[in-house]
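Examination of the molecular architecture
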Amino acid sequence: MSRFVHVFIFLENFHKNQLLNNQKYIAGLLNNDYAIIREIYENYADRIKNHVIKNGGTADDAKDVFQDALMIIYKKAQSEGFELTSQFYTYLFSICRFTFERKGKKNARNSVTNTDFDVYTYDSNFEEDFLEREKYKIYQDHFQKMGLACQQLLELFFAKKDMEEIADILKLQNAHTARNRKYRCQKKLEKMIQADKRYLELLKK
Amino acid sequence: MINEREKIERYLDGKMSPTENDSFEEEMENNPLLSDAVTQNKDLLSFFNNKNVDLEQTLSNLGTEYFTNEKATDPTPYTAADAPFKNRIRFVISLLSLLIVIIGIFWYFNTADKKPTDINTPSMSTTEMEKIINDNMLDEQGGDVINNSEDNTPIEIEPEVIDSKTNPTDFDINETENPPKKEGQPIANLNEASFQENTVLESLIRENVRSDSQTRINAPIQGETFQRKNGMVILGFNGTTEAASQFELIIYDNSPKNFNNDYQVLNAMLKKTSNNDSFQLSFNVKVELKPGLYYYLIRTKEAAEMVHLSKFYIR
């Protein structure tokens, strides 16, 4: 009987260690801690790469999928009450796998096999997270193409500065001018995005 | 248009009054263009909220290092033709690992049942042990400790190593249940209850709770018997460790009730002396203990992590 108690204690400690690792990695992402994030890559990059390559992807696909997954975890970790109940790697792998399949690599679509002994959990939010991340990347691409003035203005506006303050910082005539400029910049960005094929693809699916 | 955009922003910020909110949502349902505009605004908002250029940069750098550098685990490009072969190898490997795990579990449970102890030192006779202990005591305490005086102080112990919290009454073991026995009595006549094994502790001992790789406790060896002289017994504990922590020694008697209530017979810190790159652990004490079976555990002071659990007898 007590043997099982001992095994139970062992499992409990093991579980505690896992949770500590979870916390460490999450904190590493939230604080952009280079050493901890490197540890994540060191421990898991190869496993994800193997999975992607085995299923018809390339190392570059694996790199993107890995980065996407970490950004999704980062985003989730920012929300209040976020708690990772599974092992960090299980969660990471699950998002990577979903993202990779969802991106619909032509030769991989129907042949994804879970050849690694990885535990795969499915979360109904994966689709939502995936769409948000894909849109994010499209916005990011186009935002970087904009002029610096527009970038600054939009950054300030979405950082919840009011128009008077923005006008002051950017040395614009007044709040009204700032509002007009913001309107034009936003319009421009939206037009670029609407013309992006990837964006249209996303909306279709 | 600016007005419409401001409306959308107020809606997304939750700044609309309930009635305004309702009518706006109704308008959205009837006007796909407005609905699209809201979605786009939401996306834009989410983009700026989640924007973390620094983190993306870190990930991108590490990604290049770990994914695109030629330290690939699979040097040959993977082709579909390899699949059956690789899968077969994978299957065989997994089968073998499973087999090893099963054998391991069998072995573990079998040996745990049959062979209760496995102490790090070769076994030593009691007299040899006593000699070592006595020598140690003489070294450390100028030969003063081993005295066969008849005094009735409950316990004689190095004061600096005794936990001040320890209640002196804790040393009275089963006072009511086990009336004192005369010395030299045959064991069979002694109170058998004092020698009864504590099942919980016994199975914990079987579970390998003993010296970890960093810390070895060499004495007392498991099941060692200490002889009383005039009601007093000299106990010697020693071992070595590479760990930086301080170690606590706790002795329980065999009573499950006392163990459950954490009534300790003795609680002391092991003396730690530096010895080249490791530390010598020792603790010697002369105590008044009734004949019986005792369990001792050694754990780290800071984390209370058990590193050793064993037992000894007093006759």
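Definitions and cut-offs
As a convention, each chain's residues are numbered from 1 in the sequence order in which they are written. Throughout, the order in which chains and ligands are written sets their labels, letters from A for the former and numbers from 1 for the latter. A pLDDT threshold of at least 70 governs which residues receive local features in this predicted model, and a stricter bar of 80 or more applies before side-chain atom pairs are shown or counted, although totals over entire chains, interfaces and linings include all residues. With hydrogens and water set aside, each side-chain value is computed from the structure's full complement of heavy atoms. Salt bridge, as used here, is a side-chain nitrogen of Lys or Arg placed within 4 Å of a carboxyl oxygen of Asp or Glu. Each helix is a run of H or I in the DSSP string that is no shorter than four residues. Each strand is a run of E no shorter than two, and both are numbered from the N terminus. Here the term buried applies to any residue with accessible area under 20% of the maximum for its type, exposed to any over 50%, and partly exposed to those in between, with areas from a 1.4 Å probe on protein chains only. The nonpolar core is taken to be a set of buried Ala, Val, Leu, Ile, Met, Phe, Trp, Tyr and Cys residues, with the residues joined through side-chain atoms within 4.5 Å. The contact rule is simple, with two residues in contact once any of their heavy atoms fall within 4.5 Å. When DSSP finds two or more bridges between a pair of strands, those strands are recorded as paired. The axes used here are C-alpha line fits, helices contributing only the stretch in contact, and every angle between their N-to-C directions lies in the interval 0 to 180 degrees.

Attention now moves to the pattern of salt bridges. All names here are of chain A. In this structure the tally under the stated criterion is 25 salt bridges over all chains. We note a salt bridge from Glu-127 to Arg-102, for which the minimum N-O separation is 2.7 Å. Of this pair, Glu-127 sits in helix 5 (residues 126-145) while Arg-102 sits in helix 4 (residues 88-102), placing them 25 residues apart in sequence. Residue classification places Glu-127 among the partly exposed residues on the basis of a relative accessible area of 26%.

Looking now at the nonpolar core. A general trend in soluble globular proteins is that nonpolar side chains are found buried together. Ranked by size, the top nonpolar core spans 64 residues in total, and within it Ile40(A), Tyr41(A), Phe66(A), Leu70(A), Phe88(A) and Leu92(A) carry the most contacts. Not counting the four nearest positions on each side in its chain, Phe66(A) is found in contact with Ile40(A), Tyr41(A), Tyr44(A), Ala45(A), Ile48(A), Leu92(A), Cys96(A) and Phe67(B). If you look at the next biggest cluster of nonpolar residues, it comprises 24 residues, including Phe247(B), Ile251(B), Leu266(B) and Ile314(B).

Looking now at the sheet that holds strand 3 (residues 224-226) of chain B. All names here are of chain B. Overall, mixed pairing links the five strands, which are arranged 3-10-9-5-6 in an open sheet. Edge positions in the open sheet fall to strand 3 and strand 6 (266-269), since each of these has one partner strand only. Taking the axes of each pair of neighbouring strands and ignoring which way they run, one obtains an average angle of 25° across the sheet. By the bridge criterion, four bridges tie strand 5 (residues 247-253) to strand 6 in an arrangement that is antiparallel. Residue pairing in the sheet places Leu-249 in a bridge with Ala-268 of strand 6. Helix 7 (residues 199-206) rests against strand 9 (292-300) and strand 10 (306-314) of the sheet, and its axis sits at about 125° to strand 10.

Residue and element names in this part refer to chain B. Counted residue by residue, strand 8 (residues 278-288) has eight buried out of 11 residues, so it is predominantly covered. By the bridge criterion, 10 bridges tie strand 4 (residues 232-241) to strand 8 in an arrangement that is antiparallel. Counterpart to Leu-235 in the pairing with strand 8 is Val-285. Pairing of strand 7 (residues 271-275) with strand 8 involves five bridges; the strand directions are antiparallel. Bridge pairing in strand 8 places Asn-275 opposite Ser-278. From the end of strand 7 to the start of strand 8, which pair antiparallel, there are two residues, and Asn-276 there has a positive phi angle of about 50°.

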